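# Survey of secondary and tertiary structure
One-letter residues, chain by chain:
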Amino acid sequence: MAITRDLPTSERLRTAPEPHDPKPPSYDDHDELDRTWGSGPGVRGWFSAVNHRVIGLRFIVTSFVFLLLGGALALVMRLQLMSPDATLLSPEQYNQFFTMHGVTMMFLFAVPMGEGFAIYMTPLLIGTRDMSFPRLNAFGYYVFLIGGLSLYTAFFLGLAPDAGWFNYPTLSGREYSPGARIDMYTTIITFVELSALVAAVELVVTILKQRAPGMALHRMPLFVWAILVMAMMILFAMPGVIVASIMLALDRMADTLFYVPSGGGDPLLWQHLFWWFGHPEVYIILMPGLGFISSIVVAFARRPIFGYTALTVSLVATGIISFGL
Amino acid sequence: MTGWQSALDPAGVGGSAVAALWWAMLAMATLVLVAVLAALGWSLARHLRITAVADPIAFAARTDPAADQQATRWVGVAVIATTAILLVTFALSLGTSRAAARLAVDGAAEIEVTGVQWWWEVRYLDSLPARIVRTANELHLPAGRSIRLRLRSRDVIHSFWAPNLHGKMDLIPGHDNYLWIKAERPGTYRAQCAEFCGVQHTKMAMAVIVHAPEEYDAWLAAQREPVRSPADSVALAGLRTFEAQPCATCHSIRGTMAYGQAGPDLTHFARRRTIAAGERPNTPAELTAWLLNPQGIKPGNHMPKVPLAADELNALVAYLSGLR
Ligand code: HEM
Ligand SMILES: [Cu+2]
C-alpha cells in the first residue's frame, strides 16, 4: 500500500491502491492512521479525541455523573416526602426537582449510558477499527455534554423546567408556564436527542457495513444485535419528541397554536408525539441490558448461546412492538 | 387493602373489574416469578454438580444432542407460555374495559366534572337549564344507577381518579371525555387528580359520596333550592361583606349578587365536607384559617389573600357556615 506522502488527503484517497493490493500494510501506514485519527498531545488533543473507546468511555463516565446528580435530587425528594406537608422544599422547588430528576434519568443517564457501552463495545465485537464516522461520534458526545451542562446551569440559575419530564401542554404552554423554564426544556431535549440520533446513525452504519469478513448477520454476537435494534429504535422514536419540542417552542415563542385548544390546536397531539418516543424509550433503555445478559451468561456458562435465532427474533420483535403497545 | 382511596376495595362496577384484573395479574406475575426462580435454582444446582466433575472444561465443551433437544423443548414451552400469558392478560384487560362499557344505558343521568387548577367544578345536568345544579369539590352518586360523567378541563390536563369506583380518565382542555360509572356500595370515597397539573396538583382531591338512590334524589332536590337568607345580623353582615369584597367576583352564591366563575360555587357550602378541594375539613376554625391566608394552606393557588377586618372575618365565617 504505497501512500504518497506529499499529496493532500483528497489526492491520496483518489490514488489509493486497489483493494486487492497484495502487499501487507507497513509501519508507515500506521503512522499515517495515527496522524489522521490520533488525539495529539495536550489539552487540545484531549478535546479532539475521536477514538471510539475514548468517546464511549466519556459517554459512560458523563452519564454516570448525571446518574449521581439525578440520584441526589431523588434523595432530597424522598426527604421531603418523609412526612406530610414537610417544608424542606417548596411546592415550586419540588416540581423542579422531580422534573430535573426525570429529565436527567431518562435523557442524560439511561440512554447515553447504553450508547456509551454500544460505542465502546461494538467495533471491538465486530472486528473493525472504529465507528464509521469517528468525528461525528465525538460531535455527538459534545452535543450531549453541552445539553446536560446547560440543563444543570439552568437549574442553578433558577431556570429549571418544572412541568414534568413528560412536559404536557397546556401546562407547559406560555399561558400556564410563563418564563424561560420550559424553553430550557424544549431546547435541551432537542439538543440531547440530536446526540442520540447521531449515535444511532453511526451504530447502524457500523454494524451493517463494517463487520469483519465472515461475520454474517446471523453470526453476530447477540449484544451487537441488541445494539442494532436499539439504534434502529432511536432512529424512529427520537424524531417524535424533537418535532414535538420544536412545535412547543414555536407555540411559546412564535405564537403558533399547535397545542392551544382555544386556537384550534390540541394538547393531545403532544401526548401522541411524546409517547411515540416515550414508550419505545423504555425499551431503548432495556436493549443494552438484554445484550449484556446474553453475553455475560454465555461467557460464564462456557457454552455457546442456546436458541440464538429465537433470541434474535424476540429482540427485533420487542423493538417493533414497543412502538405499538 | 381497605380504604376510601383504594383500588383493592372496590365499591362500584368499574372498580370491581379493575380489582379483579389486578388480582389476576398479580397471580400470573407470581407464577412467572416462581417459575423463573425455580429455573434459576435448578441451573445453580446443576452448576454445582458440574463443578464436581473432574474436567469441567471438557464437560462444558462436550456435545450432547439429547440434552440440546430437551432444551429446545423447554424453549418451546417458554415461548408458548409467554405468548399465552400475553394473550390472556390482553383478553382480561379487554374484558375489564367491556365490563365498564356495559354500564352504558339510555336516559342515564349525566354529571359534568370540570378540572380547574386546583379544584373540581361539578354540574348535575338536566334538560331543563333551571334545574341544573352547580357545586364544587364533591361528587354525589346514587348507588346502583349508571351515571355518565362528562369530563372537561378549563385550563390544563387533569385526571379524574376515584380508585374504589373506577379507573382513571383524563380531563383534557378542548375535549369532552366520557366515563360511565356505577357505584354499588354507599359510602364516602376519595378522588384525586391523577395528572400533574401544576403547583397544587397534590392538593386537588374531592370527596365522592355514594348515596342510597332515594337519599341521592333528596340531596339533589335540596341542592336545587336557593339558600335561605341569613337569619341573624352577624350572618347578614357576612353576606354584605361577601358582596362588597372581591369574593363575589370569583365565587357565586345563587340568590345573591355573587356570580363570579373563577372559584368554586359556594351556594350550599356549609353542606360540604371539606375546604379547598379536600385539603381541610369544613369547620369554622379551618374556614377562618383559609380566609385569613389561603396561600398558607395551598401555596400558589388562585385565591388571593383578601385583607379582612376581624369583624368582617367573623361575619363571613358565620355567613358561610350557615349556607346549608
Ligand atoms: C434510588 C433511586 C431513585 C429514587 C429514590 C427515585 C425517586 C423518585 C421520586 C421521589 C420521584 C418523584 C415522584 C413524584 O413525586 O411524582 C421520581 C420520579 C421519576 N423517576 Fe426516579 N428515583 C430513582 C431512580 C430513578 C432511575 C434510575 C430512573 C430512570 C432511569 C428514574 C426515573 C424517574 C422518572 C422518569 C420519574 C418521573 C419524573 C416526572 O414525573 O417528571 N428514577 N423518582
Ligand atoms: Cu393534577
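## Digging into the sheet that holds strand β9 (residues 187–192) of chain B
All names here are of chain B.
- Taken in spatial order, the three strands line up as β4-β10-β9 in an open sheet, and their pairing is mixed. The two strands at the open ends of the sheet, each matched to only one other strand, are β4 (138–142) and β9. The mean angle between the axes of side-by-side strands here comes to 25 degrees, regardless of whether they run parallel or antiparallel.
- Alignment of β4 against strand β10 (residues 205–211), held across five bridges, turns out to be parallel. Bridged to histidine 140 within β10 is isoleucine 209.
- Along the sheet, helix α4 (residues 213–224) contacts β4 and β10; its crossing angle with β4, the most-contacted strand, is approximately 135 degrees.

## With respect to the coordination of the copper ion (ligand 2)
Residues and elements named next belong to chain B.
- Around the copper ion (ligand 2), the protein contributes the donor atoms Cys193 (SG), Glu195 (O), Cys197 (SG) and His201 (ND1), at 2.0 to 2.5 Å from the metal centre.
- Coordination at the copper ion (ligand 2) is tetrahedral: its four donor atoms span angles of 90 to 125 degrees at the metal.
- For the copper ion (ligand 2), the donor residues sit on a single chain with the sequence spacing C-x1-E-x1-C-x3-H. An identical accessibility class is assigned to cysteine 197 and histidine 201; each is buried.

## Quick notes on the coordination of the iron atom of ligand 1
- Coordination of the iron atom of ligand 1 by the protein comes from a single atom, His101(A) (NE2), at 2.0 Å.
- In this fold, His101(A) is placed in helix α5 (residues 91–126).

## A few points about the packing of α5(A) against helix α6 (residues 134–156) of chain A
Residues and elements named next belong to chain A.
- Running from N to C, α5 and α6 cross one another at 165 degrees; their axes reach a closest spacing of 12 Å. Considered as vectors, α5 and α6 are oriented roughly antiparallel to each other. Where α5 crosses over α6, the two elements pack in a sense that is left-handed. For the pair α5 and α6, contact is made by Phe97, Met100, Val103, Thr104, Phe107, Leu108, Pro112 and Ile119 and by Asn137, Phe144, Gly148, Leu151, Tyr152 and Phe155, respectively.
- Among the residues making up the contact of α5 with α6, the classes are represented as eleven nonpolar, three polar and no charged.

## Describing the pairing of strand β3 (residues 133–136) of chain B
Residues and elements named next belong to chain B.
- Residues of β3 alternate between two faces, with Val133 and Thr135 on one and Arg134 and Ala136 on the opposite face, all of them buried.
- As defined by bridge partners, strand β2 (residues 119–124) adjoins β3 across four bridges and the pair is classed as antiparallel. Opposite glutamate 121, over in β3, you have alanine 136 as the bridge partner.

## What about the domain arrangement of chain B?
Residues and elements named next belong to chain B.
- When the domains of chain B are assigned, the result is domain 1 (1–224) and domain 2 (233–320).
- Each of domain 1 and domain 2 has a C-alpha centre, and these two points are 36 Å apart.
- Domain 1 puts 20 residues into the contact, and the matching count from domain 2 is 23 residues.
- Carbon and sulfur atoms make up 43% of the surface buried where domain 1 meets domain 2, a total of about 1900 Å² over both sides.
- Of all residues in domain 1, Arg134, Lys203 and Gln223 give up the largest surface area on contact with domain 2, accounting jointly for 31% of the area buried on that side.
- The tally of links from domain 1 across to domain 2 stands at three salt bridges.
- The shortest N-O distance in the salt bridge between arginine 134 and aspartate 265 comes to 3.3 Å.
- Linking domain 1 with domain 2 are 17 residue pairs in polar contact (both at pLDDT 80 or more).
- Secondary structure elements with two or more residues in the side of domain 1 that touches domain 2: β3, β4, β10 and α4.
- The class makeup of the residues in the side of domain 1 that touches domain 2 is eight nonpolar, seven polar and five charged.

Rules and cut-offs
- Residues numbered from 1 in each chain as written.
- Chains lettered and ligands numbered in written order.
- Predicted model: local features only at pLDDT ≥ 70, side-chain atom pairs only at ≥ 80, totals over all residues.
- Heavy atoms only, no water.
- Pairing = 2+ DSSP bridges.
- Helix = DSSP H or I, 4+ residues; strand = E, 2+ residues; numbered from the N terminus.
- Axes fitted to C-alpha atoms, helices over the stretch in contact; angles between N-to-C directions.
- Contact = heavy atoms within 4.5 Å.
- Donors = N, O, S within 2.8 Å, 3.2 Å for Na, K, Ca; no water.
- Tetrahedral: all angles 85-135°; square planar, octahedral: opposite > 155°, others 65-115°.
- Buried < 20%, exposed > 50% of the residue type's maximum accessible area, 1.4 Å probe, protein only.
- Parallel < 35°, antiparallel > 145°, perpendicular 65-115°, else oblique.
- Left-handed = near helix turned anticlockwise from the far one by under 90°.
- Nonpolar A, V, L, I, M, F, W, Y, C, P; charged D, E, K, R; others polar.
- Domains from an automatic or database assignment.
- Buried area = accessible area lost by both parts, 1.4 Å probe.
- Salt bridge = Lys/Arg side-chain N within 4 Å of Asp/Glu carboxyl O.
- Polar contact = N/O pair within 3.5 Å; in protein donor to acceptor, adjacent residues only side chain to side chain.

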